[in-house]
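# Structural features, examined
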Amino acid sequence: MQTQPTASHYIGGAYVEDTAGTPIDVIYPATGEVIGRVYSATPAVIDHALTSARAAQAEWAAMTGTERGRILRRAADILRERNHDLSVLETYDTGKPYQETSVVDATSGADALEYFGGMAATLTGEHIPLGEDWVYTRREPLGVCVGIGAWNYPTQIACWKSAPALACGNTMVFKPSETTPLCALKVAEILHEAGAPAGVYNVVQGLGDVGAALVSDPRVDKVSLTGSVPTGRKVYAAAAAEMKHVTMELGGKSPLIIFDDADLENAVSGAILGNFYSSGQVCSNGTRVFVQSGIKEAFLARLTERLGAAVIGDPQDPETSFGPMVSERQMEIVQGYIAKGQDEGARLVTGGERLERDGFFLEPTVFADVTDDMTIAREEIFGPVMAVLDFEDEADVMARANDTEFGLAAGVFTSDLTRAHRVAAGFEAGTCFINSYNDAPVEAPFGGVKASGVGRENSKAAIEHYSQVKSVYVRMGDLEAPF
Ligand code: NDP
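Residues numbered from 1 in each chain as written. Predicted model: local features only at pLDDT ≥ 70, side-chain atom pairs only at ≥ 80, totals over all residues. Heavy atoms only, no water.

Moving on: the site of the ligand. If you check the shell around the ligand, you find 29 residues, and the closest are Gly149, Ser228, Thr231, Leu250 and Glu380. At 3.4 Å, a backbone N or O of alanine 212 approaches a nitrogen atom of the ligand. Between the ligand and the protein, one listed contact pairs a nitrogen atom with a backbone N or O atom of leucine 250 at 2.7 Å. Burial of the ligand by the protein chains amounts to 87% of its free accessible area of 900 Å². Because more than half of its atoms lie within 2 Å of the grid, the ligand is assigned to the largest pocket. At the level of secondary structure, the elements contributing two or more residues to the shell around the ligand comprise helix H7 (208-216), strand E10 (222-226) and helix H8 (229-241). (Near = heavy atom within 4 Å. Polar contact = N/O pair within 3.5 Å; in protein donor to acceptor, adjacent residues only side chain to side chain. Areas by Shrake-Rupley, 256 points an atom, 1.4 Å probe, with all protein chains shown as cover. 1 Å grid on protein atoms, 1.4 Å probe; cavity = no way out; pocket = protein on both sides within 12 Å on 5 of 7 lines; lining within 4 Å. Sits in = over half its atoms within 2 Å of the grid points. Helix = DSSP H or I, 4+ residues; strand = E, 2+ residues; numbered from the N terminus.)

With mixed pairing, 7 strands are arranged side by side in an open sheet as E14-E15-E16-E13-E12-E17-E18. Looking at strand neighbours, the two that pair on one side only are strand E14 (347-350) and strand E18 (431-434), the edges of this open sheet. Adjacent strand axes in the sheet meet at a mean angle of 20°, parallel and antiparallel pairs treated alike. Two elements, E14 and strand E15 (residues 365-368), share 3 bridges in a ladder whose sense is antiparallel. In the sheet register, arginine 347 faces E15, and the bridge partner there is alanine 368. (Pairing = 2+ DSSP bridges. Axes fitted to C-alpha atoms, helices over the stretch in contact; angles between N-to-C directions.)

Here we take up the side chain of serine 40. Tracing the chain through its elements places serine 40 in the loop between strand E4 (34-39) and helix H1 (43-62). Apart from residues lying up to four places away in sequence, serine 40 is in contact with His9, Gly21, Thr22, Ile24, Gln205, Gly206, Leu207 and Val210. (Contact = heavy atoms within 4.5 Å.)

As a further point, take the pattern of salt bridges. For the structure on display, the rule yields 27 salt bridges. Among the ionic pairs, arginine 219 bridges to aspartate 47, the shortest N-O distance being 2.8 Å. Linking arginine 219 in the loop between H7 and E10 with aspartate 47 in helix H1, this pair joins segments that are 172 residues apart in sequence. Overall, arginine 219 belongs to the partly exposed group, its relative accessible area being 24%. Owing to a relative accessible area of 36%, aspartate 47 belongs among the partly exposed residues under this scheme. Of the charged contacts in the structure, one is a salt bridge between arginine 82 and glutamate 193, with a shortest N-O distance of 2.6 Å. Residue arginine 82 is located in the loop between helix H2 (65-81) and helix H3 (83-94), and its partner glutamate 193 is located in helix H6 (residues 183-193); the two are separated by 111 residues in the primary sequence. Judged by its relative accessible area of 31%, arginine 82 falls in the partly exposed class. Counted as one network, the salt bridges with shared partners bring together Glu265, Arg302, Glu305 and Arg306. (Salt bridge = Lys/Arg side-chain N within 4 Å of Asp/Glu carboxyl O. Buried < 20%, exposed > 50% of the residue type's maximum accessible area, 1.4 Å probe, protein only.)

Reading across from one edge, E5-E6-E20 is the order of the 3 strands in this open sheet, with antiparallel pairing throughout. Single-partner strands in this sheet number two, and they are strand E5 (127-130) and strand E20 (467-474). On average, adjacent strands in this sheet sit at an angle of 20° to one another, irrespective of strand direction. Across 8 bridges, strand E6 (residues 133-141) lies against E20 in antiparallel orientation. Bridge pairing links proline 141 to serine 467 in E20.

Structure, rendered in structure tokens:
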């Protein structure tokens, strides 16, 4: 497959190159080989992208919702038709196994384009009667939106941000993570092939400084970031300086509580999905696994057995179920946390080593006897490292589960119906799961509370974050004034 893109950026409906920017090598995480090169956007490229997005916005917003929606739904169809090639590319970009990318990435991007495409024509205001006078509201776009992505789900993040933004009549400049620059360019190509006018969706590559330049530009009305909490704080502050709208999808250290009465096999499945999918590089992962004492040994035994069945290897092989970390740097960060876990006295149940092969492969790793104050129980690791903590009673575990600055997700496994809902209600988290983990259907709001974020992606809730309401008072009779 051709992994070198036609050019680094996609602006005004065409590929654009400027080799004066800092070169960024694209590295295939499974081998460490360079598979492409892009150039960070220069100030001229950033200016070109913002000018194009601004120029296209009025025309795009003036189209009917039905017309805009048709283009988004056409793009969804193209994504699905090309799912195989897009999944292979996503695997090159991220190292995630094709077994995952073929069912999660372009497909969930297509779901978002289809969902918001279908909704575009329904985005209306309301009529508010006031005696003989009345007010009507208009749901209007914000203008130019900047999207900034993390490296774990490059296609999905590009679509989750662009679908609601474009449905509402905004245009977008999207900056992928420098680690995974390839897939957003394909989304841009497909949107334009589907009929989006030039300038509606633009992609610029770059390091954090390009993101920072976009966020602070006065031509930008809204910023949507998927990234870490430290980056979120910087981007939120820069956006606040000019009173821009924001959506912040940030990190987490989510609790997953497994009660004695849980179905063991399902609980182990939930823990695997919430810790080892995408080699653990998922923001909503339930990485603090609280296991009640009566089920603990059975849980650890079955978990270890099931992890032994993971097929680790070439991520392009459809049989492979566990791939490499996205980069050498991320692998080293995770190795640092594994060392800390051991230093601070957690019990290594399985894994912990780098694999002796090319690429950035780490074993799926489980620590038991983890206590609340250990570093591996407090900080987001963003790798295949599960921390198992013990608990006895519900009130105690709820207090501990919520004792974190984060609040992205949380899960509970139990067969007690009332307890399941009581626990879900008690979680300080934006996205919760009962007897499941990490489902993210486009129909459901997704996002965090506390330091994990601001705003929601997906669902009808996303519309609130990509549009604004104007109210228009209409007087039907004469207007009285005091003098
Ligand atoms: P980072 O926060 O390092 O980077 C996110 C993006 O922001 C990158 O494109 C980055 O560019 C850019 N950036 C960095 N500094 C600035 C700045 N000052 N101004 C504007 N943009 C900037 O996150 P990672 O890419 O390492 O992704 C992992 C993190 O993302 C984890 O914390 C994870 O939990 C979170 N995440 C959250 C999700 C959610 O929906 N809540 C989903 C997926 C991930 P560059 O690549 O050049 O550094």
